[in-house]
Amino acid sequence: MTVSECEELLNRKKEQKKIENGILKAIADLTDEYDWPEGADASEMQLIITQLARSAAHLRESNAADDKKYVPVKKSTTK
């Protein structure tokens, strides 16, 4: 794996982590039943929360799969 590929992988993982954290924050915000959108009922909100949780889990799993594929290589320096 080249340096640029490693940097690209790290940048992608950082972006995915930001998205995952945003999804989890949205779930936390939606679970406040006193602050639901106008006209929304419990079953609609449950469906939205479930879909958001699945998206976050998918991102987490894809990051874990990337971690398993990535094997760091130690660079040796010669004198």
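1. Description of the pattern of salt bridges
Applying the stated criterion to the full structure yields three salt bridges. The shortest N-O distance in the salt bridge between Glu15 and Lys18 comes to 3.6 Å. Of the two residues, Glu15 and Lys18 both sit in helix H1 (residues 3–30), three residues apart, roughly one turn of that helix. Among the charged side chains, a network of salt bridges with common partners joins Lys17, Glu20 and Arg60.

2. A look at H1
The terminal C-alpha atoms of H1 lie 40 Å apart, and with 28 residues this matches the ideal 40 Å at 1.5 Å per residue to within 8%. What H1 keeps buried is the set Cys6, Leu9, Gln16, Glu20, Ile23, Ile27 and Leu30.

3. Focus on the environment of Trp36
Among the structural elements, Trp36 can be located in the loop between H1 and helix H2 (42–69). For Trp36, a relative accessible area of 28% corresponds to the partly exposed category. The contacts of Trp36, once residues within four sequence positions are left out, are Leu30, Asp41, Ala42 and Met45.

Quick notes on the rules
Residues numbered from 1 in each chain as written. Predicted model: local features only at pLDDT ≥ 70, side-chain atom pairs only at ≥ 80, totals over all residues. Heavy atoms only, no water. Salt bridge = Lys/Arg side-chain N within 4 Å of Asp/Glu carboxyl O. Helix = DSSP H or I, 4+ residues; strand = E, 2+ residues; numbered from the N terminus. Expected span 1.5 Å × (residues − 1). Buried < 20%, exposed > 50% of the residue type's maximum accessible area, 1.4 Å probe, protein only. Contact = heavy atoms within 4.5 Å.

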